[in-house]
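Summary of structural features
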Amino acid sequence: MQTNDEPQSPRVRIGSWLLSMVPKIMTTRDGYDITPELQRWTAYLLACDFTENQAARAELWITRGDWSYKGKGARLEGSDFFPSDAKLKDILGETMVLLSRA
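In this numbering scheme, every chain counts its residues from 1 along its sequence in written order. Selection of residues for local features in this predicted model requires a pLDDT of at least 70, selection of side-chain atom pairs for listing and counting requires 80 or more, and totals for whole chains, interfaces and linings are taken over all residues. With hydrogens and water stripped out, all remaining heavy atoms of the structure feed into the side-chain values.

1. Structural notes on the pattern of salt bridges
We count it as follows: For salt bridges, the criterion is a side-chain nitrogen of Lys or Arg within 4 Å of an Asp or Glu carboxyl oxygen. Put simply, DSSP marks the helices as runs of H or I at least four residues long and the strands as runs of E at least two long, and each gets a number from the N terminus on. For every residue, the accessible area (1.4 Å probe, protein chains only) is compared with the maximum for its type, and the residue is labelled buried under 20%, exposed over 50%, or partly exposed between those bounds.
In total, this model carries four salt bridges according to the counting rule given. Put simply, Glu 59 and Lys 24 hold a salt bridge, and the shortest N to O gap is 2.6 Å. Of this pair, Glu 59 sits in helix 3 (residues 52-64) while Lys 24 sits in helix 1 (residues 10-28); the two residues are 35 residues apart in sequence, bridging distant segments of the chain. Its relative accessible area of 21% is what places Glu 59 among the partly exposed residues.

2. Quick word on the confidence of the model for the chain
Put simply, the test is: Summary of the metric used: pLDDT quantifies the predictor's per-residue confidence within the range 0 to 100.
Averaged over the chain, the pLDDT score is 86; the fraction of residues at 70 or greater is 86%. Here helix 4 (residues 85-92) stands out as the element of the chain with the lowest mean pLDDT, 85, in contrast to helix 2 (residues 38-47), whose mean of 95 is the highest.

As structure tokens, then:
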């Protein structure tokens, strides 16, 4: 049995994060429901050794970024999980915030 002090497996951590993103994405992306894609995205992010820092950056881009260039009905792409500093700069302004876990 896992306690709160034990680290989660990468699969559980990524899967939990993606599941937490479902309502956020539905709210900010015109009802887009990623639930049917959770398994695929979990496998993709596991293969990429997706980190918590990358998850924080991805969440900013996915929920607050300007997706207008993608057109109506835009869907997640692999690159959305790895936004460039330029994309995040548009969200955060001139100040880039480094996120880390203590």
